[in-house]
Amino acid sequence: SGAYAMLFKDRRIFLGDCTVNLEPNAEELAEIAINTARVAETFGEKPHVALLSYSDFGEHHKDARVRVVRDAIDIVRRRWPELDVDGEMQADTALDRNKVEANFPFCTLSASANVLVFPDLTSGNIAYKLLVKLTDAEALGPLVLGIGGAVGVIPVGATVNEIVNI
């Protein structure tokens, strides 16, 4: 999978997968979540992982894509029981602790999410590129994960700074 470390002035957020998996199944999405959480740890952060969707905690439970996200959460919890992970949730919910406490008191995240796992490549790639263009965040990556070696993916038209950050 591919992850980005987004460095803001006041925090770091880790995004997965914005580079590799087009429409991951539950197993693949669980692996993406675990890989991206490990990136957060590499940067010295305790991962608080949100698996994202257009739905908050079962609002649209009959949708197959929502079910994939919910199944992935179950897999992550079995593989890494002590990981702070929850979802499926919308991006604003994941980042707004007050919204979680007011509307979703059953949410198990202990803090606002710093690891955002997208349900598919399209949404992840769009979000990462919007953050780069619309904020002052510095993007480190793509960090290609889970293949047992170092790989660099250089986008077409990358600037020198972007190449250095890869």
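Provided above is the structure to which this section pertains.
Values in this document were obtained by computation on a predicted structure and should not be read as measured data. (Residues numbered from 1 in each chain as written. Predicted model: local features only at pLDDT ≥ 70, side-chain atom pairs only at ≥ 80, totals over all residues. Heavy atoms only, no water.)

### Things to note about helix H5 (residues 121-134)
Let me state the cut-off plainly: The numbering of helices and of strands both runs from the N terminus, where a helix is a DSSP run of H or I of at least 4 residues and a strand a run of E of at least 2. Expected span, for any helix, means 1.5 Å times one less than how many residues it has. Exposure classes here rest on a 1.4 Å probe applied to the protein chains alone. A residue is buried below 20% of its type maximum, exposed above 50%, and partly exposed in between. As used here, the arc belongs to the directions running from the helix axis to the C-beta atoms. In what follows, residue pairs with any heavy atoms lying within 4.5 Å of each other are defined as contacts. Each polar contact in these results corresponds to two N or O atoms within 3.5 Å; when the atoms are within protein, one needs to be able to donate a hydrogen and the other to accept it, and residues that are neighboring in sequence are counted only if both atoms are side-chain atoms.
Taking 1.5 Å per residue, 14 residues should reach 20 Å; H5 reaches 20 Å between its end C-alpha atoms and fits that length. Taken together, the buried positions of H5 are occupied by Leu121, Gly124, Ala127 and Tyr128. Down the axis of H5, the sector holding all buried residues measures 140 degrees, keeping them to one side. Projecting away from the buried face of H5 at angles above 90 degrees are the exposed residues Lys133 and Leu134. Those residues of H5 hidden inside the fold are in contact with strand E1 (2-7), strand E2 (12-16) and strand E6 (138-144). Here H5 starts with a cap whose side-chain oxygen sits 3.2 Å from the backbone nitrogen of Thr122, and that cap is Asp120.

### Remarks on the sheet that holds E6
Cut-off, in case you're wondering: Between any two strands, pairing holds if DSSP finds at least two bridges. Axis angles are defined between N-to-C directions and span 0 to 180 degrees, where every axis is a line fitted to C-alpha atoms and, for a helix, only to the segment in contact.
Taken together, the six strands give an open sheet; going across it, the order is E4-E3-E5-E2-E1-E6, and neighbouring strands pair in mixed fashion. In the strand order of this sheet, the two ends are held by strand E4 (84-89) and E6, each with one partner. For this sheet the average axis-to-axis angle between neighbouring strands, irrespective of direction, equals 20 degrees. This element, H5, spans E1, E2 and E6 of the sheet and lies at about 25 degrees to E1.

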